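Chain and residue survey
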Amino acid sequence: MQDLPAADVAADPAPTAWWRHWWRRQTPTRQDRFAMLAPLAAVLLFLAAIVSAFWYLRLEEMEREQEAVKRDVEYAQQRMRLRLLERQEQLMRIARDISNREVDPPEFIVRAESMTAQYPELLILTWIDERRRVKATYAAPSLGNTPARVTGEILRPGETESMYSLARDLQQPVYSQPSAGSEGTGLLQLHVPLAEQGRFGGVILGEYSIDGLMRYAVPSEIAAKYAVALLDGKGRLLAGTSVPPRTPATRLLPWTAQTNEFEVPVSPVGNGLVLRAQAWRTSLGVIGSGLFWLVGALSAMTAWMLIANWRHTRRRNQAQQALVAETSFRRAMENSMLTGMRALDMHGRITYVNAAFCQMTGWSEAELVGRTPPFPYWPEEDREMLTARLDDELHGRTIAGGFQVRVKRKDGSLFDARLYVSPLVDAKGHQTGWMTSMTDITEPTRIREQLQASHERFTTVLEALDASVSVAPLGSEELLFANKLYRLWFGGQAGGHLQMVAQAGVAEQPRPSDESLDDVDSFVGLPTDNLTTVHSENAEIFVPELGKWLEVRSRYLNWVDGRLAQMVIATDITARRHAEEQAAAQAERAQSASRLITMGEMASSVAHELNQPLTAITNYCNGLVSRIRSQQISEEDMLAALEKTSRQAQRAGQIIQRIRTFVKRSEPNRSLSDVNVMVSEALELAEIELRRRNVRLSHYVAARLPKLMVDPILIEQVLVNLLRNAAEAIEHAQRPPGRRSVELRVVPKQVDVQAVVEFSVLDSGQGLAPEVQERLYEAFFSTKVEGMGIGLNLCRTIVESHQGRMHAENIYNGAEIAGCRFSFWIPVSGATNPIVGKDAGVTTA
């Protein structure tokens, strides 16, 4: 099956009509399908007719033969029945004469001899009295040496004796079941009862030869025509012949007919004696018939011809269906194409357009096929250019990459299209025209223009950024992109990009020379996740060549050509760094000033605290001097007094050292600090003030608290401020001595699934007013007359610089305010990511 040449289609001035006509011819119709199935149906009907005819003839023949066998067997059975009834009548007359005492035993012998001679099938006649004793018996000479019954003997138990009893009971003639003789001769017994004056007087026993009965009772013409046999009640052969049984292999042959036979019971004997006749196989049958073979040969030839015709029709229909399917596929593929196809002959006349071409231009196939230049889809202003293009096409001067033109739709609108021209060659290799494919590129052109405009806008934005942006591939010193600020700082080379990457500590870019030294992966250390999930890396570096601090952010990306590249964005943060340094210095000075102010406010308490050990030292010294002068002191008393004096001096020194450490300005230092040590130091400082104000201090620190990454001096400062504020609140509330108490509690806690250590200070003052709570942490706001308003603000700043939070609330006893609670917490993991608190005097970790 060959495809239709495209050139033949294009060269036809009216291909549409031809195509539709060919399509109707090739599309299978109902008549075609009937013609395809008709040969097969004819073969099946012919074979069915032949088989049915032979089968009918065979059945009819078998039925006739069966009827003939049945008729002949019934005729033979009637002959045998009449012969048995005649013998029975004769025996019954003898029995009547014996009952009338007209026959004695000698006379019985004479009559028996006469009957056996006249009727050869009757072999033995016996007279048996009522005592089962044989009175007289006669056997035909044809029995030969077969022993007969002896006169005077009594019947032995057996079938004869049982039939004797049956005849005595029924008082009617009784036939016994046929039995075989001693030499294989079948015998049939007839018991005729004797009645003497109404009582049983014995029986006349007549014994027939079954073989003789069959020989003389069955007509000779029937015996010659059939295999006639007498059977007993169990189907065993008693006399006659039968057709030999077929072998098992012969029975399996489909044309082998079953033996034609018929059986009928012989009356008056009953079912104990059956007459069967089997027809001899005298004809050749269907298989041996010459007519059968002639008809069979003709039938086989006819069937072969019909099958060959059917196969030919089927192959033709299959080829036709394949052609239709291929044509349908090509047509569907052609109609589903988004590319317009146009065929021109050698003179420039349109011979074919597809559906996409018609849809693009808005002109129908009938309006375009057969048109010559200028074509209706040519814009008027481009006709000269398009005419020149068409002339180039017809003379073979085509452009391999196609060319772009404008096409006018039927409604007058224009769109951009790209045309590709190629020769149209038929099946013989001859060029018959030119095939042009047209693609609508309006949307790609619009997208390209939008992308170009977008690229220009994006480039403009990048050039105007106040940050340096550069992109370089890994393993190369090539600079893929650099904006204006990068070029201003580092020029057009990749050295500045590589310098910032190396100085910021980002994974170094592999160099080609490194891969030649060993087999280590040059991209080791680079992110293995998808680039969309890799976070940017930030670092702050100082570039001496520029004299600037830069914040460098880098991330990996796939460049447009598929290479793995690294983008670096550098922002000038010099001004911010200077501001942060100044803020840190100011915060540090503010913290130191706050501690000095605290000590100034606690000066009287500290003086009172120092006065006690100093007074004790003076007293000890004066006492020693007096006792030494009076020589009333022993060496042990002197040593004891000196030791007490030393302890008081150490106590005064510790108070001064603690105040000096608390007030001393030092560099911030965060370290793993023990909570118990920090609390003890803060309590020792705060107890001085609390004792002066007559406030009782209690504290509770939970066991096994983790160490915190904090600046211990700053945390002590927060605790001292909170404890002093609590004491001042109690004094301002003028609480009685029993209610002047402050409690410090330090316990572990969970805040938003985060482990923290909470510090809380509870007082028994008047609490916080609502307007005070709103401005509690506001700088330079204070409820004290002499307060500066920077204590709590500084405390919150210190806590938040350690990633913690601070909170204040009133304590209620029913509706009455019973005090206030200030608390703050520090996270246990706060050391992992400390935040710089510049305004709190904390330097970045």
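Residues numbered from 1 in each chain as written. Predicted model: local features only at pLDDT ≥ 70, side-chain atom pairs only at ≥ 80, totals over all residues. Heavy atoms only, no water.

A word on the sheet that holds strand E27 (residues 816-827). Reading across the sheet, the five strands line up as E22-E24-E25-E27-E26 and stay open at both edges, with mixed pairing between neighbours. The two strands at the open ends of the sheet, each matched to only one other strand, are strand E22 (696-701) and strand E26 (805-813). Here the strands of the sheet are splayed against their neighbours by 20° on average, with no regard to which way each runs. Here strand E24 (residues 741-750) runs beside strand E25 (residues 755-763); their pairing, made up of nine bridges, is antiparallel. Bridged to valine 742 within E25 is aspartate 763. Across the sheet, helix H20 (residues 675-692) lies against E22, E24 and E25, angled at about 175° from E22, the strand it touches most. (Pairing = 2+ DSSP bridges. Helix = DSSP H or I, 4+ residues; strand = E, 2+ residues; numbered from the N terminus. Axes fitted to C-alpha atoms, helices over the stretch in contact; angles between N-to-C directions. Contact = heavy atoms within 4.5 Å.)

Either a parallel or an antiparallel arrangement is found when strands of a sheet pair, and the pairing is made through backbone hydrogen bonds. Ordered in space as E12-E11-E15-E14-E13, the five strands form an open sheet in which the pairing is antiparallel. Two strands in the sheet have a free side with no partner beyond their single neighbour: strand E12 (350-353) and strand E13 (403-408). Averaged over neighbouring strand pairs, the angle between their axes works out to 35° when direction is ignored. Sheet topology note: the E13/strand E14 (residues 414-425) ladder contains six bridges and is antiparallel. Looking across to E14, one finds that valine 405 is bridged to alanine 417.

So, about unusual backbone geometry. Residue proline 268 is bonded to the preceding serine 267 through a cis peptide linkage, with omega at 10°. Along the chain, proline 268 falls in the loop between strand E9 (261-266) and strand E10 (270-279). Cis geometry is found at the peptide bond from proline 373 to proline 374, where omega equals -5°. With respect to the helices and strands, proline 374 occurs in the loop between helix H11 (365-368) and helix H12 (383-394). Although it is not a glycine, arginine 101 sits at a positive phi angle of roughly 60°. With a phi angle near 55°, glutamine 171 is a residue other than glycine that sits in the positive phi range. Looking at the element boundaries, glutamine 171 is found in the loop between helix H5 (159-170) and strand E3 (174-175). You can call glutamine 171 partly exposed: its relative accessible area is 38%. (Buried < 20%, exposed > 50% of the residue type's maximum accessible area, 1.4 Å probe, protein only.)

Interpretation in functional terms is not warranted from these geometric data alone.
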